[in-house]
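Below are the chains, spelled out letter by letter.
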Amino acid sequence: MNYFFNKMLVLLFVFSSESYAEWGVPEIPNRQLGDIAAVFVLPNGQPVIYYNPDLCNLAGPFLCGFYRAHEYCHIRLGHTIRQIWPQQKELEADCCAAKTASQQEVTAAYQYFIQGGGATPQHGFGQQRAARLVACRN
């Protein structure tokens, strides 16, 4: 990891993603989920976050925590109720998570992304996501 990114992590105040528990959003384990975590809206309008405990165990607690923060950011930013381009939603959620996840969670995500992980057509290439984390923490 480069010196600039390390300095940014030290200088910025972040909120722990553990504070999301106060939101009252259910987090439901789902071993069939093909991703670490995803937000869905129930028919009654209640957002829920499904997570795959097996993938979280493989990813580790900090990377899983970043993905959890990313999903909470989708809720915080109104992505469950407003229509915008999927790529824009993911960019906004990554930036929000970069600002609200713990230092360890952002570092784990940066390392995962810089190695090419986390790439999808909606999220972009892993290296793009890593650069986004640094830019959004400024």
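Above this text is the structure in question.
Residues numbered from 1 in each chain as written. Predicted model: local features only at pLDDT ≥ 70, side-chain atom pairs only at ≥ 80, totals over all residues. Heavy atoms only, no water.

Draft legend 1. Local environment of the state of the cysteines. Within this structure, the stated rule accounts for 3 disulfides. Between the sulfur atoms of Cys-56 and its disulfide mate Cys-64 the distance is 2.0 Å. Where Cys-56 bonds to Cys-64 through sulfur, the torsion about that S-S bond is close to 45°, and the disulfide is right-handed. One exposure class covers both Cys-56 and Cys-64, and it is buried. Here Cys-73 is linked by a disulfide to Cys-96, with a sulfur-sulfur distance of 2.2 Å. Between Cys-73 and Cys-96 the disulfide shows an S-S torsion of about -70°. By sign, it is left-handed. (Disulfide = S-S within 2.5 Å. Buried < 20%, exposed > 50% of the residue type's maximum accessible area, 1.4 Å probe, protein only.)

Draft legend 2. Molecular detail of the environment of Val-106. By the secondary structure assignment, Val-106 is in helix α5 (residues 103-114). Given the relative accessible area of 0%, Val-106 is considered buried. For the pair Val-106 and Asp-94, spaced 12 residues apart in sequence, the C-alpha to C-alpha distance is 10.0 Å. (Helix = DSSP H or I, 4+ residues; strand = E, 2+ residues; numbered from the N terminus.)

Draft legend 3. Expanded view of the sheet that holds strand β3 (residues 47-51). Here we have 3 strands laid out as an open sheet, ordered β1-β3-β2, and mixed in their pairing. The two strands at the open ends of the sheet, each matched to only one other strand, are β1 (27-29) and β2 (37-41). Neighbour-to-neighbour, the strand axes of this sheet turn through a mean angle of 30°, independent of strand direction. The pairing of β1 with β3 spans 3 bridges and is parallel. Each residue of the ladder has a partner; that of Ile-28, found in β3, is Tyr-50. Lying over the sheet, helix α3 (residues 61-76) contacts β1, β2 and β3, oriented at roughly 25° with respect to β2. (Pairing = 2+ DSSP bridges. Axes fitted to C-alpha atoms, helices over the stretch in contact; angles between N-to-C directions. Contact = heavy atoms within 4.5 Å.)

Draft legend 4. Region of the structure containing the layout of surface pockets. By volume, the largest pocket is sized at about 250 Å³. If you go around the largest pocket, you meet 17 residues; those closest to its centre are Ala-38, Val-39, Glu-71, His-74 and Glu-90. Looking at the lining of the largest pocket, the elements that each hand over two or more residues are β2, α3 and α4 (86-100). If you tally residues by element for the lining of the largest pocket, the top one is α3, at 4 residues. Broken down by class, the residue content of the lining of the largest pocket amounts to 4 nonpolar, 7 polar and 6 charged. (1 Å grid on protein atoms, 1.4 Å probe; cavity = no way out; pocket = protein on both sides within 12 Å on 5 of 7 lines; lining within 4 Å. Points joined across faces, edges and corners; volume = space filled by probe spheres on them. Nonpolar A, V, L, I, M, F, W, Y, C, P; charged D, E, K, R; others polar.)

Draft legend 5. Expanded view of α5. Its 12 residues give α5 an end-to-end C-alpha distance of 16 Å, which sits within 8% of 16 Å, the value for a rise of 1.5 Å per residue. Every buried residue belonging to α5 is among Glu-105, Val-106, Thr-107, Ala-108, Ala-109, Tyr-110 and Phe-113, and all of these are buried. In the stretch just after α5, Gly-116 is the one whose phi turns positive, near 100°. (Expected span 1.5 Å × (residues − 1).)

So yeah, pure geometry; function would need other evidence.
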